[in-house]
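# Structural description and commentary
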Amino acid sequence: MAVSKGQPTERILPLLKAGQILFGENRVQEGFHKWPSLKQDYPEIKLHLIGPLQTNKVEKAIRLFDCIQSVDRIHLAQTLKQEMSRLNINIPLMIQLNLGDEPQKSGVSLSKADDFISHCKYELKLLIIGLMGIPPFEENPVPYFKDLVTLANRHDLPERSIGMSLDYKEAIQCGSTLVRIGTALFGSRLQ
Ligand SMILES: *Cc1c(COP(=O)(O)O)cnc(C)c1O
């Protein structure tokens, strides 16, 4: 996945022309500024939301994005369920884990993840396809990646969204199915 947050359309277009179709954005608002017109010109684009989602933006988010990777709390999961039923849109979702239990990061802590995943899958009947996580910076990411993959295996979740510009090689070795690459593709972010 090409992470295009903070990148203007002029920098996205060369990737589209080169055949890249999977992109990630962090913010609903920024997504709406950049992607509706690009999606018209390149209908095969798949756009994922990889940043935090407020419940009051759920309707907008499910209209624009093809997958939301940042499901991390019950209230958000319930709101997604309600709005997807109401609008008759059923997009796949991923659950975000807070792999290092860091207070400044969003995501479900590993100790609560089993219950949360089961609740989303079996009670809310959401289409949960995988897990997403970001390990703590400046630590060896491998044990954290392994924790995520173990959990994904335990719940039969095929997608493991792990690995960014600095640690995608380790992530792939650990079983990533989706690396999220920003700066290594685009250079530094402008916005
Ligand atoms: C910004 C971001 C990325 C990409 O990070 P880079 O280090 O630029 O590759 C990946 N995942 C998430 C959730 C992000 O917010």
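Residues numbered from 1 in each chain as written. Predicted model: local features only at pLDDT ≥ 70, side-chain atom pairs only at ≥ 80, totals over all residues. Heavy atoms only, no water.

### Thoughts on the site of the ligand
Around the ligand, the structure places Val3, Lys5, Asn26, Ile50, Ile134, Met164, Ser165, Arg180, Ile181, Gly182, Thr183 and Arg189. One of the side-chain N or O atoms of lysine 5 is found 2.7 Å from an oxygen atom in the ligand. For the ligand, an oxygen atom lies 2.5 Å from a polar atom in the side chain of serine 165. Within the complex, the protein chains bury 90% of what would otherwise be the 390 Å² of accessible surface of the ligand. (Near = heavy atom within 4 Å. Polar contact = N/O pair within 3.5 Å; in protein donor to acceptor, adjacent residues only side chain to side chain. Areas by Shrake-Rupley, 256 points an atom, 1.4 Å probe, with all protein chains shown as cover.)

### Regarding the pattern of salt bridges
Going through the model one piece at a time under the given rule, you end up with nine salt bridges. Ionic pairing is found between glutamate 59 and arginine 86, a salt bridge with its closest N-O pair at 3.0 Å. A residue pair is termed long-range when its members are at least 10 positions apart, and glutamate 59 in helix H3 (residues 58-64) and arginine 86 in helix H4 (residues 74-87) qualify at 27 residues. For glutamate 59, a relative accessible area of 30% translates into the label partly exposed. One salt bridge in this structure joins arginine 86 and glutamate 83, with 2.7 Å as the shortest N-O distance. (Salt bridge = Lys/Arg side-chain N within 4 Å of Asp/Glu carboxyl O. Helix = DSSP H or I, 4+ residues; strand = E, 2+ residues; numbered from the N terminus. Buried < 20%, exposed > 50% of the residue type's maximum accessible area, 1.4 Å probe, protein only.)

### With respect to the packing of aromatic side chains
One pass over the structure, following the stated rule, counts one aromatic pair. For the ring pair phenylalanine 23 and tryptophan 35, a centre distance of 4.8 Å and an interplane angle of 45° mean the geometry is tilted. You can see phenylalanine 23 sitting in strand S2 (residues 22-25) and its partner tryptophan 35 sitting in helix H2 (residues 28-41), a full twelve residues away along the chain. A relative accessible area of 0% means that phenylalanine 23 is categorised as buried. Against the face of phenylalanine 32 rests lysine 60, its NZ or CZ located 4.8 Å from the ring centre. Note that lysine 105 overlies the ring of phenylalanine 137, its terminal NZ or CZ placed 4.6 Å from the centroid. (Phe/Tyr/Trp six-rings, centres within 6.5 Å; stacked < 30°, edge-to-face > 60°. Lys NZ or Arg CZ within 6 Å of the ring centre and 35° of its normal.)

### Considerations on the packing of helix H5 (residues 110-123) against helix H6 (residues 142-154)
Between H5 and H6, the least distance of the axes is 11 Å, while the angle of their chain directions is 25°. In terms of orientation, H5 and H6 fall into the roughly parallel class. In the packing of H5 onto H6, the handedness of the crossing is right-handed. Residues Leu110, Ala113, Asp114 and Ile117 of H5 pack against Asp147, Leu151 and Arg154 of H6. For the contact of H5 with H6, the class distribution of residues is four nonpolar, no polar and three charged. (Axes fitted to C-alpha atoms, helices over the stretch in contact; angles between N-to-C directions. Parallel < 35°, antiparallel > 145°, perpendicular 65-115°, else oblique. Left-handed = near helix turned anticlockwise from the far one by under 90°. Contact = heavy atoms within 4.5 Å. Nonpolar A, V, L, I, M, F, W, Y, C, P; charged D, E, K, R; others polar.)

### Re the nonpolar core
Within the largest apolar cluster, 51 residues are counted, with the highest numbers of intra-cluster contacts made by Ile68, Leu80 and Ile95. A total of six residues in this core trace back to one element, the largest contributor, which is H6. Not counting residues up to four positions away in its chain, the partners in contact with isoleucine 95 are Gln69, Val71, Val108, Phe116, Ile117, Cys120, Ile128, Gly130, Leu131 and Met132. In this structure, Val3, Cys67, Met132 and Leu178 belong to the second largest nonpolar core, which totals seven residues. (Core = buried A, V, L, I, M, F, W, Y, C linked by side-chain atoms within 4.5 Å.)

By themselves these figures say nothing about function.
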